[in-house]
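Next come the chains, spelled out residue by residue.
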There are 2 protein chains.
Amino acid sequence: MMPHTVAPESKQAGQPTITILGSTGSIGSQTIEVLHAHHPHYRVGYLTTNTRIDELEQQCALVHPNGVVISDETAWKTFREQTSFKGRILCGEEGLVEASADEENTLVMSSLVGFSGVVPTLAAIRKGITIALANKETLVSAGELITAEAQRYNAPIIAVDSEHSAILQCLMGEQQEAIEKLIITASGGPFRTFTQEQLDSATPQKALKHPNWTMGAKITIDSATLMNKGLEVIEARWLFGIGPERIDVVVHPQSIIHSMVQFTDGSVKAQLGLPDMKLPIHYALGFPHRTPSAFPRMDISAIGTMTFEQPDLQRFPCLRLAFDALRTGGTATTILNAANEVAVHRFLRGAIGFTDIPRIVESTLDTIQPAEHPSLQDILEHDRMARAYAAEYQSHHHSIITP
Amino acid sequence: MMPHTVAPESKQAGQPTITILGSTGSIGSQTIEVLHAHHPHYRVGYLTTNTRIDELEQQCALVHPNGVVISDETAWKTFREQTSFKGRILCGEEGLVEASADEENTLVMSSLVGFSGVVPTLAAIRKGITIALANKETLVSAGELITAEAQRYNAPIIAVDSEHSAILQCLMGEQQEAIEKLIITASGGPFRTFTQEQLDSATPQKALKHPNWTMGAKITIDSATLMNKGLEVIEARWLFGIGPERIDVVVHPQSIIHSMVQFTDGSVKAQLGLPDMKLPIHYALGFPHRTPSAFPRMDISAIGTMTFEQPDLQRFPCLRLAFDALRTGGTATTILNAANEVAVHRFLRGAIGFTDIPRIVESTLDTIQPAEHPSLQDILEHDRMARAYAAEYQSHHHSIITP
């Protein structure tokens, strides 16, 4: 029913092989847990890390991959000297691309952080390999190119984000033309009830305390600014072929309804569950079939109350900026994403205030002219330009930073 | 995916023909509205009423059926004398069976009230005609027989109750073996927060004020006792092939989530919408495709809050009795349904108190020995016996009736 969502096993009758890009990150390590507990039929192709070689060593002992990739050269050298792992040990972005595009892969779990996922994910797509996509920046930065290539090479893209997994589940058995609207839920993040003044003085420590989900630092800050929801809107546009005018965001602080689809007859379907990324990971690994799991079950009477409210685009301008960039199209979302990545890292280092994040993103978008129907070169170039601009940007506003 | 749910149009390539059993009732008249507004491709076979011949005359002028059935003989004579309708004018249960089993029918909307739906619905099933089932008593009284006959004659049964339509929608694209649990929502009815004492003195006037749904009198009283939910649990068991141990009821006073399905991986899907029977009717008419509609859309931020709680089986014993009867099996649910119909009518006439309804049902169930794997004759016999007993039953409790 979805253009990019066909059964992984339709590609190959033999034992499926999964490569996990970013296996020591939050999604990557949970993927290994889920794989180990519930999907014993998978062989593991490659595991990859940037620098976390001790965790990588443990993962190798658990799932016995064919090979590993260590992006950081120093860490790669250390690992080679110390490890008892007997498989291939590759290095750098070149190694990532080789691992991702390995012909043995039936599925690549794309769970690198940020823009770094684009090139290796594209390499797998061009080999017709099914992508389980947890790296939303891939579609945010390069959605038009990626989805065109995925269609061309017949590479299905299965959503792993809980919101997009929810939409995918709601769309099973439905027809594309019956979709009226996607309704993406947002927890509202740790600052949902903050005043503008409180936002101005918000610290990384406070922002890193997410109410419902345990995630990496980058995505947790994105949750606090609502940029995460903006990135998800852009991702949804490419995953499901639905324009921004037909995507709504609703704040649902309990994070039980993970997203909804409204159909042209007025009916709405929702997917619900406890806030646990293992479920959408598990669903992606078994897609389109459901595999029994021992995960804790939701008890809706115990939950008792679910609430819903409109997002406040005044206090959380990142969501508005994301919608604007999506409407502009071309590399506007590449620029948005790059500026945001830089701004979030500057905030995490204590170099700028919380409300400087949208300021930097907006100024970058206002300054760099986006390219239409971009090639990979255009995307890499605009990503680089936006990063350079955002890294240098000095706010004219006075932000109060209380460390 | 469901054994009894295949496309109506798969049966016949020509113009689909619908016969509406009980066209002047609540569901029947809404079916005509929906048909007229959204399904112009349907021809109408027969419309049927018990006594409401003026409304029937108007419906004939609107949708031009091939024929009509008037169950009541006096009303039938009056109609024949007065009408300008040129089609066939049949009478009685014999007429209902003839209309329902007419070879031209591609779909029968079974929306008679109570047990009277069983025989005509079965007649259509035995001609392999698709049933849109709004008459839940058909499956409650004769579920085992009806579903066996539906499979034998390859007659799909499409749920029209909002709860079962919700489950059906959630099951699209899913596999039967992936179902872990059905979660049927209940508004809790007008007496949800009543004390036992308030329930003892509850009047028909109060019971007829349902908080969310506009329905007929019988079903509204059933909503107040929660027997309606019990009947739905029994109906769900036969529609979806899921035993009572895997059906939960949860009270959700806002009636926005119409029901849910929990899958074996721990994921839950729900169908949501405004409380309006036109949507499930519309869905059944177009099934398995969705047809665009102009019905008002749900605005979840405007709804704001949804709550969920366990049903109280102490104050609302009818729900417990229904689960018990379903576990007992055979004609136990026939007896439950017959006793309940009689008790509700006695309550509506002011002859008994509200809390006498479960007393009558329980006593009838305790008195009549159910038959296993019943034939239609067994069902008719036990239905008759239960009615006779329930009509004569005198409560030993003192019920306070305040008219």
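Residues numbered from 1 in each chain as written. Chains lettered and ligands numbered in written order. Predicted model: local features only at pLDDT ≥ 70, side-chain atom pairs only at ≥ 80, totals over all residues. Heavy atoms only, no water.

A.B. asks: How should I be thinking about the packing of aromatic side chains in this particular structure?
C.D. replies: Aromatic ring pairs are defined here through the distance separating the ring centres and the angle between the ring planes. Considering all chains together, one arrives at 10 aromatic pairs over all chains under this definition. An angle of 25 degrees between the planes, with centres 4.6 Å apart, marks the rings of Phe191 of chain A and Phe194 of chain A as stacked. Classification of Phe194 of chain A by relative accessible area gives buried; the value is 16%. Here the aromatic rings of Phe191 of chain B and Phe354 of chain B are separated by 4.9 Å at their centres, their planes lie at 80 degrees, and the arrangement is edge-to-face. Of this pair, Phe191 of chain B sits in the loop between strand 8 (179-186) and helix 8 (196-200) while Phe354 of chain B sits in the loop between helix 15 (332-348) and helix 16 (356-367), and the two are 163 residues apart along the sequence. Judged by relative accessible area, which is 3%, Phe354 of chain B ranks as buried. Above the ring of Trp238 of chain A, the side-chain terminus of Arg237 of chain A is found at 3.9 Å from the ring centroid. We note Arg290 of chain A situated over the ring of Phe263 of chain B; from NZ or CZ to the ring centre the distance is 4.2 Å. (Phe/Tyr/Trp six-rings, centres within 6.5 Å; stacked < 30°, edge-to-face > 60°. Buried < 20%, exposed > 50% of the residue type's maximum accessible area, 1.4 Å probe, protein only. Helix = DSSP H or I, 4+ residues; strand = E, 2+ residues; numbered from the N terminus. Lys NZ or Arg CZ within 6 Å of the ring centre and 35° of its normal.)

A.B. asks: When you look at the sheet that holds strand 8 (residues 179-186) of chain A in this model, what are you seeing that I'm missing?
C.D. replies: The strands that make up a sheet pair up through hydrogen bonds in the backbone, lying either parallel or antiparallel. Reading across from one edge, 9(A)-8(A)-10(A)-11(A)-11(B)-10(B)-8(B)-9(B) is the order of the 8 strands in this open sheet, with mixed pairing throughout. With one partner strand each, in any of the chains shown, strand 9 (247-251) of chain A together with strand 9 (247-251) of chain B form the two edges of the open sheet. Taking each pair of neighbouring strands and ignoring which way they run, the sheet shows an average axis angle of 20 degrees. Both strand 8 of chain A and strand 9 of chain A contribute to a ladder of 5 bridges, which runs parallel. If you follow Ala186 of chain A over to strand 9 of chain A, its bridge partner there is Val251 of chain A. (Pairing = 2+ DSSP bridges. Axes fitted to C-alpha atoms, helices over the stretch in contact; angles between N-to-C directions.)

A.B. asks: Which parts of the structure should I look at to understand the sheet that holds strand 4 (residues 88-91) of chain A?
C.D. replies: Residues and elements named next belong to chain A. In spatial order, the strands read 4-3-2-1-5-6-7; together these 7 strands make up an open sheet with parallel pairing. Every other strand in the sheet has two partners, leaving strand 4 and strand 7 (157-159) as the edge strands with one partner each. Strand-to-strand twist of the sheet, defined as the mean angle between neighbouring strand axes without regard to direction, takes the value 20 degrees. Judged from the 4 bridges that link them, strand 2 (residues 43-49) and strand 3 (residues 67-70) form a sheet pairing that is parallel. Looking at the pairing, Leu47 lines up with Val68 of strand 3. Taken strand by strand, helix 2 (residues 53-63) contacts strand 2 and strand 3, and its axis lies near 175 degrees from that of strand 2. (Contact = heavy atoms within 4.5 Å.)

A.B. asks: Sorry, what's going on with the interface of chain B and chain A here?
C.D. replies: One widely used convention gives an interface's size as the accessible area the parts lose upon coming together. If you look at the interface, chain B gives 43 residues, while chain A gives 43 residues. Summing both partners gives a buried area of about 3,500 Å² for chain B against chain A, and 51% of it is carried by carbon and sulfur. In this assembly, chain B and chain A are joined by 6 salt bridges. Between Arg290 of chain A and Asp265 of chain B there is a salt bridge, with the nearest N and O atoms lying 2.9 Å from each other. On inspection of chain B and its partner chain A, the count reaches 28 residue pairs in polar contact (both at pLDDT 80 or more). Elements with a minimum of two residues in the side of chain B that touches chain A: helix 7 (162-171), strand 10 (257-263), strand 11 (268-272), helix 12 (278-286), helix 13 (300-303) and strand 12 (305-307) of chain B. (Buried area = accessible area lost by both parts, 1.4 Å probe. Salt bridge = Lys/Arg side-chain N within 4 Å of Asp/Glu carboxyl O. Polar contact = N/O pair within 3.5 Å; in protein donor to acceptor, adjacent residues only side chain to side chain.)

A.B. asks: Any chance you could explain helix 5 (residues 118-125) of chain A here in plain terms?
C.D. replies: Three- or four-residue spacings in an α-helix give side chains the same orientation, since the helix completes a turn every 3.6 residues. Of all 8 residues that make up helix 5 of chain A, 7 are buried, and the element is covered over most of its length. Here helix 5 of chain A has its buried residues at Val118, Pro120, Thr121, Leu122, Ala123, Ala124 and Ile125 of chain A.

A.B. asks: Please clarify how the relation of the copies chain B and chain A should be interpreted in this entry.
C.D. replies: Each of the two chain copies can be brought onto the other by rotation about an axis and movement along it. Overlay of chain B on chain A (RMSD 0.0 Å): rotation 180 degrees, translation along the axis 0.0 Å. Both copies are brought into coincidence by an operation consistent with a two-fold rotation axis. Across chain B, the rotation axis passes nearest the C-alpha of Gly173 of chain B, at a separation of 1.9 Å. Comparing interface residues between copies, 100% of those in chain B also lie at the interface in chain A; the contact surface is shared. (Least-squares fit on C-alpha atoms with pLDDT ≥ 70 in both.)

A.B. asks: Any chance you could explain the domain arrangement of chain A here in plain terms?
C.D. replies: Residue and element names in this part refer to chain A. Domain annotation of chain A identifies domain 1 (8-164) and domain 2 (193-202 + 210-225 + 312-390). On a C-alpha basis, the centres of domain 1 and domain 2 stand 26 Å from each other. Facing 15 residues of domain 1, the contacting portion of domain 2 comprises 18 residues. For the pair domain 1 and domain 2, the two sides together bury roughly 1,200 Å², of which 61% comes from carbon and sulfur. Of all residues in domain 1, the largest losses of buried area upon contact with domain 2 belong to Phe115, Val140 and Glu144, amounting jointly to 39% of the total for that side. (Domains from an automatic or database assignment.)

A.B. asks: Can you walk me through the packing of helix 14 (residues 317-328) of chain A against helix 16 (residues 356-367) of chain A in this structure?
C.D. replies: The packing of two helices is summarised by the inter-axis angle and the distance between the axes. Residues and elements named next belong to chain A. Look at helix 14 against helix 16: their axes get within 9 Å of each other, and the N-to-C directions meet at 20 degrees. Between helix 14 and helix 16, the angle falls in the class roughly parallel. As helix 14 packs across helix 16, the resulting crossing turns out to be left-handed. Every residue of helix 16 that contacts helix 14 at Pro317, Cys318, Arg320, Leu321 and Ala325 is listed here: Ile357, Pro358, Val361, Glu362 and Leu365. Grouping the constituent residues of the contact of helix 14 with helix 16 by class yields 8 nonpolar, no polar and 2 charged. (Parallel < 35°, antiparallel > 145°, perpendicular 65-115°, else oblique. Left-handed = near helix turned anticlockwise from the far one by under 90°. Nonpolar A, V, L, I, M, F, W, Y, C, P; charged D, E, K, R; others polar.)

A.B. asks: Can you help me understand the pairing of strand 8 of chain B in this one?
C.D. replies: Side chains on a regular strand alternate between the two faces of the sheet. Residue and element names in this part refer to chain B. Burial of strand 8 is extensive: 6 of the 8 residues sit out of reach of the surface. As paired strands, strand 8 and strand 10 are joined by 4 bridges and run antiparallel to one another. Across the sheet, the residue bridging to Lys181 is Gln262, located in strand 10.

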